[in-house]
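Below, each chain spelled out in residue letters.
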Amino acid sequence: SPSSSSSSSSSSSSQLIPHTSFEIIHQQSIPTTTPIETLAKCVHFFQQHAPEQGYDALGLACFGPLGVNKHDTETYGKILSGSPKKEWRNVDILSPILDACSSIDGNGNGNGMRRRVPCYKVDTDVNAPAMAEFEYHNHNNNYYHSVKASRATTNNKNNNANK
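All residue numbers refer to position in the chain's written sequence, counted from 1. With the structure being a predicted model, the display of local features is reserved for residues of pLDDT at least 70 and the display and counting of side-chain atom pairs for 80 or more, all residues being used for whole-chain, interface and lining totals. The basis for the side-chain values is all heavy atoms of the structure; hydrogens and waters are excluded.

Engineer: Now, about the overall build of the protein chain: what can you tell me, with residues and values included?
Structural biologist: To qualify as a helix, a DSSP run of H or I must reach at least 4 residues; to qualify as a strand, a run of E must reach at least 2; elements of each kind are numbered from the N terminus. Helix and strand content of the protein chain: three helices and nine strands. Along the protein chain, from the amino end to the carboxyl end, the secondary structure elements read β-β-β-α-β-α-β-β-β-α-β-β. Evaluated residue by residue, the protein chain yields a buried proportion of 40% over its 163 residues. Long-range pairs, those at least 24 residues apart, make up 57% of the contacts in the protein chain between residues at least 6 apart in sequence. Shrake-Rupley sampling with a 1.4 Å probe provides the accessible areas, and residues are treated as covered by the protein chains on show and by no other component. Working note: accessible area of the protein chain is about 9100 Å², and carbon and sulfur atoms make up 50% of it. Think of it in three bands: with a 1.4 Å probe and only protein chains considered, a residue is buried below 20% of the maximum accessible area for its type, exposed above 50%, and partly exposed in between. Contacts are assigned to residue pairs with any non-hydrogen atoms lying within 4.5 Å of each other.

Engineer: Run through the pattern of salt bridges, naming residues and quoting values.
Structural biologist: Salt bridges are identified by distance alone: a Lys or Arg side-chain nitrogen within 4 Å of an Asp or Glu carboxyl oxygen. Under the criterion given, the structure shown has two salt bridges. Here Glu-37 makes a salt bridge to Lys-41, at a shortest N to O gap of 3.4 Å. One end of the pair is Glu-37 and the other is Lys-41, both in helix H1 (residues 35-48) and four residues apart, which spans about a single turn. Overall, Glu-37 belongs to the partly exposed group, its relative accessible area being 36%. Between Asp-56 and Arg-116 there is a salt bridge; the shortest N-O distance is 2.8 Å. On the criterion of sequence distance, the pair formed by Asp-56 in the loop between H1 and strand S4 (57-62) and Arg-116 in strand S6 (residues 114-116) is long-range, its members being 60 residues apart.

Engineer: Tell me about the pairing of S4, residues and numbers included.
Structural biologist: Across the six residues of S4, six count as buried, placing the element largely inside the fold. Both S4 and strand S7 (residues 119-124) contribute to a ladder of six bridges, which runs parallel. Bridged to Leu-60 within S7 is Val-122. Strand pairing is assigned whenever DSSP identifies at least 2 bridges connecting the two strands.

Engineer: Residue-level account of unusual backbone geometry, with values.
Structural biologist: Negative phi is the rule for most residues except glycine; trans is the rule for most peptide bonds. The omega torsion of the bond from Gly-64 to Pro-65 falls at 5 degrees, within 30 degrees of zero and hence cis. Here Pro-65 lies in the loop between S4 and helix H2 (94-101).

Engineer: Can you explain the packing of aromatic side chains? Please cite residues and give values.
Structural biologist: Aromatic pairing here means that ring centres of Phe, Tyr or Trp (its six-membered ring) are within 6.5 Å. Orientation follows from the plane angle: under 30 degrees is stacked, over 60 is edge-to-face, and everything else is tilted. Evaluated as defined, the whole model comprises four aromatic pairs. Relative to Tyr-120, the ring of Tyr-76 lies with its centre 6.5 Å away and its plane at 40 degrees, an arrangement referred to as tilted. Remark: Tyr-120 occurs in strand S7 and Tyr-76 occurs in the loop between S4 and H2; sequence separation between them is 44 residues. Residue class for Tyr-120 comes out partly exposed when judged on its relative accessible area of 39%. Here the aromatic residues Phe-45, Phe-46 and Tyr-55 are joined through ring pairs into a cluster of three or more. Geometrically, a lysine NZ or arginine CZ counts as sitting over a ring once it is within 6 Å of the ring centre and also within 35 degrees of the ring normal. Over the face of the ring belonging to Phe-63 we find Lys-85, whose NZ or CZ atom lies 4.1 Å from the ring centre.

Engineer: Could you give an account of the nonpolar core, naming the residues involved and the relevant values?
Structural biologist: The biggest cluster of nonpolar side chains holds 23 residues, and the ones touching the most others in it are Phe-46, Ile-79, Trp-88, Ile-93 and Ile-97. Contributions of two or more residues to this core are made by H1, S4 and H2. Take the buried residues of types Ala, Val, Leu, Ile, Met, Phe, Trp, Tyr and Cys, join any two whose side-chain atoms come within 4.5 Å, and each joined set is a nonpolar core.

Right, here's the structure in full:
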């Protein structure tokens, strides 16, 4: 989720997350400006650091109120109209980032190509860290990707992603 900051910083050096087997291989702080500019920078980050085989999963965390009911297609992945951040009201944060994390593979019908969409989940910046902890400790998934506090981060367990 975007946060107020006046500078953008990027890092590609690896660092381990304490008390886990996860390694941060890319991260970037993105200052909040307009929704279009901020989301464009998030999209660029994910495109720039996409794994060769594409993303397997996407976890998107953002300030609220946020549409988190996946059965409500009108609001899922959007900042709700009651947000105190007026220019962010009704902004779709999911679609541009999901599009950036989707890839084309050669297993489709017809021309041999199809769009591969990673599995995804949207939640608030309060709930998402708790859910990530739960998943890590109970399922030990290989990849966890998030946009949190305006810091786009790609984490890899077992150190096997392209750097």
